[in-house]
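Chain by chain, the residues run as shown.
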Amino acid sequence: MPIGDVEAAAAKVTFERNPFDEPSKAEYPISSNLNSNLQFKGLVQSNNIVRAIIKTEDGQKFYGVGDKLSNGFSIIAISLEETTVDLSNGSKKFRLTLSSLKSSL
């Protein structure tokens, strides 16, 4: 049995895709070069809502817990105190940290 969310993985399957075509960027595994594909720019808070500012190839956007990035990752947690964002691709979890901001506080 595979590790992770089988339904989430099955939802990404495109049955009409020609197997001889180059895969889309979303199909490449980016766990090995996560930092080169995502740039964690900062955190913002309004009332009790915290958002992460993340830059991808598609541009810079605000993301909240539960939002999906264009590369298939989902935001699973945002910590204003730790200045971190936790991401998941369905089978693995990753943490982005604002180390420069944390050291200046």
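Relevant structure appears above.
Keep in mind that this is a model prediction, so the values were computed, not measured. For every chain, the first residue of its written sequence is number 1, and the numbers climb from 1 along that sequence. Whole-chain, interface and lining totals are the exception, using all residues; otherwise, since this is a predicted model, local features are given only for residues with pLDDT of at least 70 and side-chain atom pairs are given and counted only at 80 or more. As a rule here, side-chain values cover all heavy atoms of the structure and leave hydrogens and water aside.

(A) Seen up close, the sheet that holds strand β2 (residues 49-56). In this scheme, strands are said to pair when DSSP sees at least two bridges between them. Every helix listed is a DSSP run of H or I at least four residues long, and every strand listed is a run of E at least two residues long, numbered separately from the N terminus. Overall, antiparallel pairing links the three strands, which are arranged β1-β2-β3 in an open sheet. The sheet terminates laterally at β1 (39-46) and β3 (59-63), the two strands that pair on one side only. Strand-to-strand twist in this sheet, taken as the mean axis angle between neighbours without regard to direction, amounts to 20°. Direction of pairing for β2 relative to β3: antiparallel, over a ladder of five bridges. Of the residues in β3, the one forming a bridge with A52 is Y63. Lines fitted to C-alpha atoms define the axes here, with helix axes fitted over just the stretch in contact, and angles between the N-to-C directions of these axes take values from 0 to 180 degrees.

(B) Quick look at the sheet that holds strand β4 (residues 74-79). Taken together, the three strands give an open sheet; going across it, the order is β4-β5-β6, and neighbouring strands pair in antiparallel fashion. Taken across any chain shown, the strands that pair with only one partner, and hence form the sheet edges, are β4 and β6 (93-97). Each strand of the sheet is rotated relative to its neighbour by a mean of 25°, with strand direction disregarded. Where strand β5 (residues 84-88) and β6 come together, five bridges link them in antiparallel fashion. Considered in β6, the bridge of D86 is made with R95.

(C) Highlighting unusual backbone geometry. Its identity as a non-glycine residue notwithstanding, N47 has a phi of 55°, on the positive side. Of note, N47 is situated in the loop between β1 and β2. Phi is positive for T83, which is not a glycine, with a value near 50°. Position of T83 relative to the elements: it lies in the loop between β4 and β5. Think of it in three bands: with a 1.4 Å probe and only protein chains considered, a residue is buried below 20% of the maximum accessible area for its type, exposed above 50%, and partly exposed in between. Exposure remark for T83: the relative accessible area of 3% places this residue in the buried category.

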